[in-house]
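Commentary on secondary and tertiary structure
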Amino acid sequence: MARKETITKEEILNAAFQMTRQDGFSQVSARTLAAKAGCSTQPIFRVYRNMEELGDDLYNKAIVFFRDYYMGFPKTSDTPFVNMGLAYIRFAQDEQKLFKLLFMDENRHGKSLYDILNGETGAVVREINNAKVHGCKDPGGMFMRMWIFIHGSACMSLTGDYDLQEEDTIKLLEESYQAFLNV
């Protein structure tokens, strides 16, 4: 009779995800994951061929986590790209390790930044359309300008060089949008 499975793929993935949120994916090894999940390495390699396959599942789980974070983030401004920017910057502050994994790691598992941002939410397309409705003549170019500013701000928050309060960030994003309209 086969031995009863005591740990599931979902439990292994959840343990790896929690480790990644806390310490970063580079700290997840078969041994450290087994210790966190309360099992030996055998169940890990029973459900995953290798750590790269686990990494793929973990990356996809992180994308879903970001999507849910973004979708649940309060939308407070009518100015295009401000809500997206604020959510992205706050995600970098709140979830530093996941932010690094999703938006700063060289291996994005075949996904571009655009794929991750737009994803199932259509957030980028919605913001570009919103800019067009607000009279922006080059909404795609506006996205690129705003995105460079937003991503730079988020990265600065990882190093402690960005310490603006939320209302200051909103004001800065709105002012940037207005300034970029005249470019």
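No experiment lies behind these values; they were computed from the predicted model shown. (Residues numbered from 1 in each chain as written. Predicted model: local features only at pLDDT ≥ 70, side-chain atom pairs only at ≥ 80, totals over all residues. Heavy atoms only, no water.)

1. Quick look at the environment of Gln165
Tracing the chain through its elements places Gln165 in the loop between helix H9 (139-158) and helix H10 (166-181). By relative accessible area, which is 48% here, Gln165 ends up partly exposed. Remark: the alpha-carbon pair of Gln165 and Leu58, spanning 107 residues in sequence, is separated by 31 Å. (Helix = DSSP H or I, 4+ residues; strand = E, 2+ residues; numbered from the N terminus. Buried < 20%, exposed > 50% of the residue type's maximum accessible area, 1.4 Å probe, protein only.)

2. What about the packing of aromatic side chains?
A complete count under the given rule lists 14 aromatic pairs for this structure. We note Lys61 situated over the ring of Phe17; from NZ or CZ to the ring centre the distance is 5.3 Å. Cation over ring: Lys75 sits above Tyr70, and NZ or CZ is 4.4 Å from the ring centre. (Phe/Tyr/Trp six-rings, centres within 6.5 Å; stacked < 30°, edge-to-face > 60°. Lys NZ or Arg CZ within 6 Å of the ring centre and 35° of its normal.)

3. Some details on the confidence of the model for the protein chain
Low pLDDT marks regions whose predicted coordinates should not be analysed in detail. In this model, the protein chain carries a mean pLDDT of 93, and residues with pLDDT of at least 70 account for 97%. Considering each helix and strand of the protein chain separately, the mean pLDDT is smallest for helix H7 (residues 113-118), with a value of 88, and largest for helix H1 (residues 9-23), with 97. (pLDDT = per-residue confidence, 0-100.)

4. Quick word on the side chain of Thr20
Along the polypeptide, Thr20 turns up in helix H1. Only 2.8 Å separates the side chain of Thr20 from the backbone oxygen of Ala16, close enough to count as a polar contact. (Polar contact = N/O pair within 3.5 Å; in protein donor to acceptor, adjacent residues only side chain to side chain.)

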